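The chain contents come next:
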Amino acid sequence: MSFLTAKNISKRFGGLTALDQVSLDVEEGEIRGLIGPNGAGKSTMFKVISGAYFPSAGSILFQGEDVTRQPWHKRAEEGIIRTFQETTLFEEFTAWENVLVGCHMQAHTGLFRAIFGRDKAREREAERKVQEVMEFMGVADRKDEMASDLPLGFQRALGMAIALASGPRVLLLDEPFAGMNPEETNTMMDLVRKVRDSGITVILVEHDMKAIMGLCDRISVLNFGQLLAEGAPEEIRNNKDVIEAYLGAA
Ligand SMILES: Nc1ncnc2c1ncn2[C@@H]1O[C@H](COP(=O)(O)OP(=O)(O)OP(=O)(O)O)[C@@H](O)[C@H]1O
């Protein structure tokens, strides 16, 4: 039994087929890359796995359970958590407050109580968790700074800290390397490995080939909504179809 399985997933938007019978088997503890040209269907696949979209056909199994029709918040409770392409931080909140709010939103305690701390025991537990994930992601030293004042690398690490606060089993990372300089890329690569080493399975949509080839155990390649190839980085790097459809241009 695979940890996470997408079976023959199709997704249609009107007359457009964004995904056409795509299957993925992700093992527990792996870093899986999902790559392909713009419009290939990567984000759509992420949304189908996380529950933001229901597929037109096919199924999603998580630890053997069919979660295809489960809404995203149910899947989040079970541990399937997604980060977003753009940083979705509350810019006028401090780094600490951002993670605290993320923590409470997952715990369904609401924004007001999150900020004003009505339930003291829960608040202390949340604060302990926030400190722990911020230290883990290397952003604790900057916890009192406004999120908008942090450099890009820290903002992305903060976004991941927010995701970690909800205790994911699978973390879906949507282009965490976009716009980063080489130093930020290296730091983020270390962070993604650290997250995986802590026992979290990672699925990564990314155009940065250095990051993809350096991090992933296996890579799935989408092209025009179909699975074009799948394999270890070395196999994908040397796959003629992949080079022609994507790597040549990238
Ligand atoms: N909500 C939607 N309504 C209609 N068409 C959509 C919708 N979402 C995606 N599409 C279309 O589905 C196809 C796949 O889009 P998707 O965003 O999944 O590609 P992608 O591989 O993530 O691309 P990129 O690398 O540019 O992010 C595209 O043709 C896109 O225009």
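Residues numbered from 1 in each chain as written. Predicted model: local features only at pLDDT ≥ 70, side-chain atom pairs only at ≥ 80, totals over all residues.

- Looking at an unreviewed UniProt entry, the protein carries the name ABC transporter ATP-binding protein, with the source organism given as Thiohalorhabdus methylotrophus.

## So, the overall build of the protein
Part 1: Helix and strand content of the protein: 10 helices and 10 strands.
Part 2: Taken over C-alpha atoms, the radius of gyration comes to 18 Å for the protein, in line with the 18 Å a tight globule of 250 residues would show.
Part 3: In terms of its C-alpha atoms, the protein occupies a principal-axis envelope of roughly 55 × 40 × 35 Å.
Part 4: In the protein, which comprises 250 residues, the proportion classed as buried is 41%.
Part 5: A sequence separation of at least 24 residues applies to 66% of the contacts in the protein between residues at least 6 apart. (Helix = DSSP H or I, 4+ residues; strand = E, 2+ residues; numbered from the N terminus. Rg over C-alpha atoms; globule rule 2.2 N^0.38 Å. Buried ≥ 20, exposed ≤ 12 C-beta atoms within 10 Å, placed from the backbone. Contact = placed C-beta atoms within 7 Å.)

## A word on the sheet that holds strand 3 (residues 31-35)
Part 1: Within the open sheet, the six strands sit side by side as 6-7-8-3-9-10. Their pairing is mixed. The sheet terminates laterally at strand 6 (80-82) and strand 10 (226-231), the two strands that pair on one side only. Across the sheet, the mean angle separating the axes of adjacent strands is 20 degrees when strand polarity is ignored.
Part 2: Of the strand pairs in this sheet, strand 9 (residues 218-223) and strand 10 are connected by five bridges, and their pairing is antiparallel. (Pairing = 2+ DSSP bridges. Axes fitted to C-alpha atoms, helices over the stretch in contact; angles between N-to-C directions.)

## Brief notes about the site of the ligand
Part 1: With respect to spatial proximity, the complete set of residues near the ligand consists of F13, L16, A18, G36, N38, G39, A40, G41, K42, S43 and T44.
Part 2: If you list the elements that add at least two residues to the shell around the ligand, you get strand 2 (16-26) and helix 1 (42-50).
Part 3: The dominant element in the shell around the ligand, judged by the number of residues it contributes, is helix 1, at three residues.
Part 4: For the shell around the ligand, the class distribution of residues is four nonpolar, six polar and one charged. (Near = placed C-beta within 6 Å. Nonpolar A, V, L, I, M, F, W, Y, C, P; charged D, E, K, R; others polar.)

## Digging into the pairing of strand 3
Part 1: Burial runs high along strand 3: five of the five residues are buried.
Part 2: The alternating pattern of strand 3 places I31, G33 and I35 on one face and R32 and L34 on the opposite face, and all of these are buried.

## With respect to the packing of helix 5 (residues 120-136) against helix 6 (residues 152-165)
Part 1: Taken N-terminus to C-terminus, the directions of helix 5 and helix 6 make an angle of 135 degrees; their axes are 9 Å apart at the nearest point. Classified by the interaxial angle, the pair formed by helix 5 and helix 6 is oblique. Handedness of the helix 5/helix 6 crossing: right-handed. Seen from helix 5, the contacting residues are K129, V130, V133, M134 and F136; seen from helix 6, they are A161, L164 and A165. (Parallel < 35°, antiparallel > 145°, perpendicular 65-115°, else oblique. Left-handed = near helix turned anticlockwise from the far one by under 90°.)

## Thoughts on the environment of K210
Part 1: Within the secondary structure, K210 is located in helix 8 (residues 209-215).
Part 2: It is 24 Å that separates the C-alpha atoms of K210 and I81, two residues lying 129 residues apart in sequence.

## A few points about the sheet that holds strand 4 (residues 57-62)
Part 1: A sheet is described by the order of its strands in space; here four strands give the open sequence 2-1-4-5, paired in antiparallel fashion. Unpaired on one side and paired on the other, strand 2 and strand 5 (65-66) mark the two borders of the sheet.
Part 2: As paired strands, strand 1 (residues 4-13) and strand 2 are joined by seven bridges and run antiparallel to one another. Along strand 2, the bridge assignment pairs R12 with T17.
Part 3: Against the sheet, helix 1 engages strand 1, strand 2 and strand 4, with an angle of about 120 degrees to strand 1.

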